[in-house]
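Residue strings, one per chain:
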Amino acid sequence: MKKFTLLPVAAALVACFSVQAADSVVISGKGMSISDVVAAGQPGATVSLSNAGLERIEQSNQVVLTAAAQRHKIYGITVGLGPNHKRRMIDEDGRFDESTRQRSVAFNKALVYAHNASVGEPMDQDVVRMAMALRVNQYASGKIGVDADIPKLFVEFLNRGITPVVPIEGSVSTADILPGAYLVLAIMGESDVYYKGKVVPALEAMRAEGLKPVEPFGKDALSTFCNNALSVAYSIKIADRTRTTLDATAGVVAMSLEAINGNVSPYLQHTLDNRPMPYVKQVAADITGQLDGSYLWDVNADRTVQDALVFRGAHWPIAAAYHELEGLDALLALHINNSDDNPTVIIDVNDVKVQNPESSQVRSYITTGDVTGAVQSSSNFEATQISIRLSGGALAMGHVARDSVYRTLNMADPNFTKLPAFLNEPDTVFHGFMALQKLPVSLFMQVKNNVMPVSLDSLPMAGGYDNTGSNMMFANQRMDKALDDIEQIFGVEMMMGAQAVDMRIRAGNDKMGAGTSKLHQQIRQQVAYLDKDRPLADDVVALKGIFQTLKF
């Protein structure tokens, strides 16, 4: 059942994520949406690779092989990685005959083994599936140069329910090279996978499905683990979860306004027309939409002209968070339809505008003959823009959480509510919610720590060649934990708000809003009014669960 009125602007964003398992997601290398990525990550979803996408994959691979045959120095293919970039790894003539191919296979396998070093808990299966699907789409963009067997096998894994087990720790997001190596190792048949509800050796699952392991050569290994697909897929999931949390806040804020006999003037549209910042009017309308029929619309002699800022300004940080999510969505949508590879591949390079096209340096990058293209060193895996947007959303959610904690503290204070201290039952010696205040304060200390930016925290690696990093994976992990705590913080606010509303109903203010009344009823179905001291732990957990169900 729909609990609240959804923001008109947010509704379009939520539609990207409210996806059931699709019959089929067609991957073409162009126009893939965030909802397509999410759909591909669901259990039972199937994907297919379009003919046009497959053609671009084969074209870009041919550019790589031609460049190698023409003795171009290609990072990670004809020469080594990092400090080994000056060391040639295949024969001088660059031809991929059978002998050279086997040396390239050996080099590719060595690359995978050397990067197979991430540890920790495995990433969620849906995140890994999303990463594989968006990576296939990037392959199909024709900007990577991988052999077609790699994306074809990814598609088979997705359609047959084979998901690599990927330990999460080890990425600094100058590409997820350590966790990403597990994707290659899986299609090589040399790691573990989830298959039919169990963790089994990849080779066992592949044999059961009639699939053959690949032998990566050329650019295959590097193109499979040297990218940010896992971090980006995780960011998509974090954005989804953040939006779901934001969508549930309007009803909670509205009930807290009723709890303190709040003033609605800061939320009126003509008030906000004087400073129409992004999303603010929509959030304010959503909050007041929960108050239809509430006593707050009636003049009340006890109502103050101005409430504490966390009550009269709750819409501002919520709007800021929606605005950050909008920017993050735009970057993620751009990312999944392009390549973050090093080296990067350009097919039909003569059709592309480039600076100083006739210079000897630029011409040296371009292949000659029947296959015209280029394989060039790049830093396109640099994820700082996405990481900074992710951090912006995290900081905004920190403000949202802080305001919730302050509202909880204010609701326990008679100076703000004119109700008994700590919302204790009147004329008793009970403690009410005095001790409970420590929980949201403690949780907010953790939230504050976890929403702080980490994109600047890096050290030089790989002999000084990898001397920066965006820490996007780490930012995702921290935001995941922060959202756990934020959900619990709002659960406590709901508990306090429901208690205060009950006290006002007893005093004759019994006209709750249509939306807040439904929320109040839902709370009271699981958590009773606090008429005397009792253990609150189970109530607190239940309220977090209720908050998590306030979805659309």
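Preceding this paragraph is the structure being described.
From a predicted model like this one, the values you see are computed outputs, not experimental measurements.

Calculation rules
- Residues numbered from 1 in each chain as written.
- Predicted model: local features only at pLDDT ≥ 70, side-chain atom pairs only at ≥ 80, totals over all residues.
- Heavy atoms only, no water.
- Axes fitted to C-alpha atoms, helices over the stretch in contact; angles between N-to-C directions.
- Helix = DSSP H or I, 4+ residues; strand = E, 2+ residues; numbered from the N terminus.
- Parallel < 35°, antiparallel > 145°, perpendicular 65-115°, else oblique.
- Left-handed = near helix turned anticlockwise from the far one by under 90°.
- Contact = heavy atoms within 4.5 Å.
- Nonpolar A, V, L, I, M, F, W, Y, C, P; charged D, E, K, R; others polar.
- Core = buried A, V, L, I, M, F, W, Y, C linked by side-chain atoms within 4.5 Å.
- Buried < 20%, exposed > 50% of the residue type's maximum accessible area, 1.4 Å probe, protein only.
- Expected span 1.5 Å × (residues − 1).
- Arc of directions from axis to C-beta.
- Salt bridge = Lys/Arg side-chain N within 4 Å of Asp/Glu carboxyl O.

(A) Structural view of the packing of helix α5 (residues 125-140) against helix α6 (residues 149-159). It is at 10 Å that the axes of α5 and α6 come closest, and there the two elements cross at 150°. Our classification of the angle between α5 and α6 gives roughly antiparallel. Here α5 runs over α6; the crossing is left-handed. For the pair α5 and α6, contact is made by Arg129, Met132, Ala133, Arg135, Val136 and Tyr139 and by Ile150, Pro151, Phe154, Val155, Phe157 and Leu158, respectively. Tallied by class, residues from the contact of α5 with α6 come to ten nonpolar, no polar and two charged.

(B) Highlighting the environment of tyrosine 529. Within the secondary structure layout, tyrosine 529 lies in the loop between α21 (514-524) and α22 (537-549). Note: C-alpha distance between tyrosine 529 and alanine 542 (13 residues apart in sequence) is 14 Å. Contacts of tyrosine 529, omitting those with residues within four sequence positions, involve Glu425, Gln499, Asp502, Met503, Arg506, Arg524 and Arg534.

(C) Region of the structure containing the nonpolar core. In terms of nonpolar packing, the biggest core is built from 150 residues, with Met123, Phe157, Val193, Phe225 and Met494 touching the most fellow members. Of the residues forming this core, the biggest block, 17 residues, is contributed by helix α20 (residues 472-506). Setting aside its immediate chain neighbours within four residues, phenylalanine 157 contacts Arg129, Met132, Ile162, Pro164, Ala186, Ile187, Val193, Met206 and Leu211. With nine residues, the next largest nonpolar core counts Val64, Ala68, Ile74 and Ile347 among its residues.

(D) Highlighting helix α4 (residues 98-115). With 18 residues, α4 ought to run about 26 Å at 1.5 Å a step, and its terminal C-alpha atoms sit 26 Å apart, in line with that. If you check which residues of α4 are buried, you get Thr100, Ser104, Val105, Phe107, Asn108, Leu111, Val112 and His115. The buried residues of α4 occupy an angular sector of 165° when projected down its axis, which confines them to one face. Along α4, the residues that are exposed and aim more than 90 degrees away from the buried face are Glu98 and Ala114. Structurally, α4 contributes buried residues whose contacts are with α7 (177-187) and α9 (220-225).

(E) How the structure looks around the pattern of salt bridges. In this structure the tally under the stated criterion is 21 salt bridges. Among the ionic pairs, aspartate 126 bridges to lysine 237, the shortest N-O distance being 3.1 Å. Here aspartate 126, found in helix α5, pairs with lysine 237, found in helix α10 (residues 229-247); they are 111 residues apart in sequence, far enough to count as distant. Accessibility expressed as a relative area gives 21% for aspartate 126, which makes it partly exposed. Lysine 237 sits in the partly exposed class, given a relative accessible area of 26%. Measuring nitrogen to oxygen at the nearest pair gives 3.3 Å for the salt bridge that ties arginine 389 to glutamate 324. Taken together, the residues arginine 389 in helix α17 (residues 384-411) and glutamate 324 in helix α15 (residues 315-336) connect sequence positions 65 residues apart. A relative accessible area of 31% places arginine 389 in the partly exposed class. Overall, glutamate 324 belongs to the partly exposed group, its relative accessible area being 21%.

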